[in-house]
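Here is how the chains run, residue by residue.
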Amino acid sequence: MANEIITAIDIGSHSIHTLIAQKKEDLLPQIIGVGSVRSNGVRGGIIIDPEDVEACIAESVKIAERGAGVRVSKAFVSIGGSHISSQSSKGIIAVSRADGEISSDDVERVIGAAQTFSLPNNREILHVIPREFIIDQDGGIRDPLGMKGVRLEANTLIISGAVPHIRNLNKVMSALGIEVEGIVLDALASAKAVLTKRQKELGVVCLDIGGGTTGVSVFEEGDLLHTSVIPLGGSHITNDLAIGLRISVDIAENVKLEYGAALPSEIGKRDVIDLSHIGGVEEGSISRRESCEIIEARLFGPLGHLQFPIARAHGAIIARAPEHSRSARRPGEDILAVDRPVRRHRCARGRSNRREDVEMARDVGALCPGCDAARPAHEQGRADATFEKGRFPAAER
């Protein structure tokens, strides 16, 4: 694995990022190339115009290649969108060896048995994540390898996506001549990049608020309990501001980024925003407090709905906020007892700055399957590793 090159591509609704890293022995991967461009042809995390997406990815990859001085021939690619779903599944097998010692083959078989359930033809498994193993009715086991028993069970979380969207993603990458090493759920990639093992043990929810969607991952006692994608992102806030304030979308985006806040009570009633100072296109002024009331209304509804799936979590981490906006932080603190938004990822080192650290969380997390390739499959599937190497059926099409 010495000097191995690993590439991750994040195809988002707002922007497309390419991250190239170099893996050296047991060190964290060194980021050697970064490419970021504005996204076209993606809505709500779903590809709606393959040609536009192909052009954006090509440009992003070219920028990263130029910085890294290497060519990209294969990559891990993130996927999102409201078509993603998760469900629990259980596998049961008899231990194969006569002496009852559990081998790696037994672990592979029981994880495979957990996948033998009725899945609609238009769904495809993306991740199989073991939550716990049970040996002869003794549960809570995380690594059964080498232990002895007669019957081995595995409780797993199966994450699947819609086949048409997965195929469209593979088709775009194939047209670019880039082999898809694995497809990684963006919500899990963010969690991998920013959460510590202790946070997962205590119980935490990770929110990845992107341009068109918000990824949610819930952990407790080190296990992934729930993951989903909510069709809400920074672009929805921008559109609400444009409609509510009767301004253009471009001006609304600038208002959100420069003056946005989600607690109107902290904004003075007489505070105004001079539109002539924003882009120099529109004249007049608008109430800053009114703009913040619009942001508050958009954010508080979805955040409130998250209280149910994270009832047992001790807090929350905002991995990313909409296009670096500060709008999401305070309502998150009020509703979810959220910790501070993450400013540093923990899975890679190298070219980055504070702003990029937040935006690149998913990309850094998507590098992890390549970094974990040498680990046993049952360990790679653990929640503290987040991904299971080698189980990416979508990439084989």
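Everything below is about the structure printed above this text.
Just so it is clear, the model here is predicted, and its values are computed rather than measured.

> For the environment of F219, give the residues involved together with the corresponding values.
Structurally, the position occupied by F219 is in strand β13 (residues 214-220). Exposure remark for F219: the relative accessible area of 1% places this residue in the buried category. Counting along the chain gives 24 residues from F219 to L195, while the straight-line C-alpha distance between them is 9.9 Å.

> For the pattern of salt bridges, give the residues involved together with the corresponding values.
According to the stated counting rule, one finds eight salt bridges in the structure shown. For R109, the salt bridge is made with D106, and the minimal N-O distance between the two is 2.9 Å. A residue pair is termed a helical-turn pair when its members lie 3 or 4 positions apart in one helix, as R109 and D106 do in helix α2 (residues 104-113) at three residues. Residue class for D106 comes out buried when judged on its relative accessible area of 0%. Because the salt bridges share partners, they merge into one network encompassing K90, R151 and E153.

> Please give an account of helix α6 (residues 234-245) that cites residues and values.
End to end, α6 covers 17 Å across 12 residues, agreeing with the expected 16 Å (1.5 Å per residue, within 8%). Here α6 has its buried residues at G234, I237, T238, L241, A242 and L245. Considered in projection along α6, the buried side chains sweep an arc of 135° and stay on one side of the axis. Just downstream of α6, R246 is the residue with a positive phi angle, here 55°.

> So, the nonpolar core: which residues are in play, and what are the values?
The nonpolar side chains of a soluble globular protein tend to be buried with one another. By size, the foremost hydrophobic cluster in this structure holds 42 residues, and its most contacted members are I9, I11, I57 and I159. Not counting residues within four places of it along the chain, the set of residues in contact with I9 comprises I16, H17, T18, I57, V61, A75, F76, V77, S78, M173 and I178. I247, V255, I286 and I295 belong to the second-largest nonpolar core, a separate cluster that totals 16 residues.

> Give a description of the packing of α6 against helix α7 (residues 249-259) that names residues and reports values.
α7 packs onto α6 with a crossing angle of 115° between their chain directions and a minimal axis gap of 8 Å. Judged by the angle between their axes, α6 and α7 are roughly perpendicular. The handedness of the crossing between α6 and α7 comes out as right-handed. Of α7, the residues touching α6 (which contributes G234, S235, I237, T238, N239, L241 and A242) are V249, A252, E253 and K256. In the contact of α6 with α7, the residues fall into five nonpolar, four polar and two charged.

> Outline the pairing of strand β10 (residues 151-162), supporting the account with residue identities and numerical values.
The element β10 is extensively covered by neighbouring structure, given that 11 of its 12 residues are classed as buried. Across 11 bridges, strand β8 (residues 123-135) lies against β10 in antiparallel orientation. Looking at the pairing, E132 lines up with N155 of β10.

> How would you explain helix α1 (residues 50-68) if you had to name every residue and give the values?
Because an α-helix completes one turn every 3.6 residues, residues spaced three or four positions apart along the sequence face the same direction. Helix length check: α1, at 19 residues, gives a terminal C-alpha distance of 26 Å against a target of 27 Å (1.5 Å per residue), a fit within 8%. Considered for burial, the residues of α1 that qualify are V53, C56, I57, S60, V61, A64, E65 and A68. Burial along α1 is one-sided: seen end-on, the buried residues are contained in an arc of 170°. Structural note: α1 exposes E51, K62 and R66 on the side pointing more than 90 degrees away from its buried face.

> I'd love a proper account of the sheet that holds strand β9 (residues 138-141), names of residues and values included.
Pairing within the open sheet is antiparallel, and its four strands lie in the order β7-β10-β8-β9. The open sheet has two edge strands, β7 (85-94) and β9, and neither has a second partner. Averaged over neighbouring strand pairs, the angle between their axes works out to 40° when direction is ignored. As judged from the 10 bridges shared by β7 and β10, these two strands associate in the antiparallel manner. Note on β10: the bridge partner recorded for S85 is S160.

> Outline the packing of aromatic side chains, listing residues and values.
Tallying each qualifying case throughout the model produces zero aromatic pairs. Directly above the ring of F219 sits K200, whose terminal nitrogen or CZ lies 5.1 Å from the centroid.

> Account for the pairing of β13, naming residues and giving values.
Burial runs high along β13: seven of the seven residues are buried. A two-sided burial pattern is seen for β13, the buried positions comprising T214, V216, V218 and E220 on one face and G215, S217 and F219 on the other. Hairpin connection of strand β12 (residues 204-209) to β13: four residues between the antiparallel strands. Where β13 meets strand β14 (residues 223-230), seven bridges bridge the pair, whose relative direction is antiparallel. Bridging across to β14, G215 finds its partner in V229. Hairpin geometry of β13 and β14 is characterised by an intervening segment of two residues between the two adjacent antiparallel strands and by a positive phi of about 55° at E221.

> Break down the environment of S13 for me, with residues and values.
Among the secondary structure elements, S13 is positioned in the loop between β1 (4-11) and β2 (15-23). A polar contact is formed between the side chain of S13 and the backbone nitrogen of G44, at a distance of 3.2 Å. A polar contact of 2.9 Å, which involves the side chain of S13, links it to the backbone nitrogen of G45.

Rules behind the numbers
Residues numbered from 1 in each chain as written. Predicted model: local features only at pLDDT ≥ 70, side-chain atom pairs only at ≥ 80, totals over all residues. Heavy atoms only, no water. Helix = DSSP H or I, 4+ residues; strand = E, 2+ residues; numbered from the N terminus. Buried < 20%, exposed > 50% of the residue type's maximum accessible area, 1.4 Å probe, protein only. Salt bridge = Lys/Arg side-chain N within 4 Å of Asp/Glu carboxyl O. Expected span 1.5 Å × (residues − 1). Arc of directions from axis to C-beta. Core = buried A, V, L, I, M, F, W, Y, C linked by side-chain atoms within 4.5 Å. Contact = heavy atoms within 4.5 Å. Axes fitted to C-alpha atoms, helices over the stretch in contact; angles between N-to-C directions. Parallel < 35°, antiparallel > 145°, perpendicular 65-115°, else oblique. Left-handed = near helix turned anticlockwise from the far one by under 90°. Nonpolar A, V, L, I, M, F, W, Y, C, P; charged D, E, K, R; others polar. Pairing = 2+ DSSP bridges. Phe/Tyr/Trp six-rings, centres within 6.5 Å; stacked < 30°, edge-to-face > 60°. Lys NZ or Arg CZ within 6 Å of the ring centre and 35° of its normal. Polar contact = N/O pair within 3.5 Å; in protein donor to acceptor, adjacent residues only side chain to side chain.

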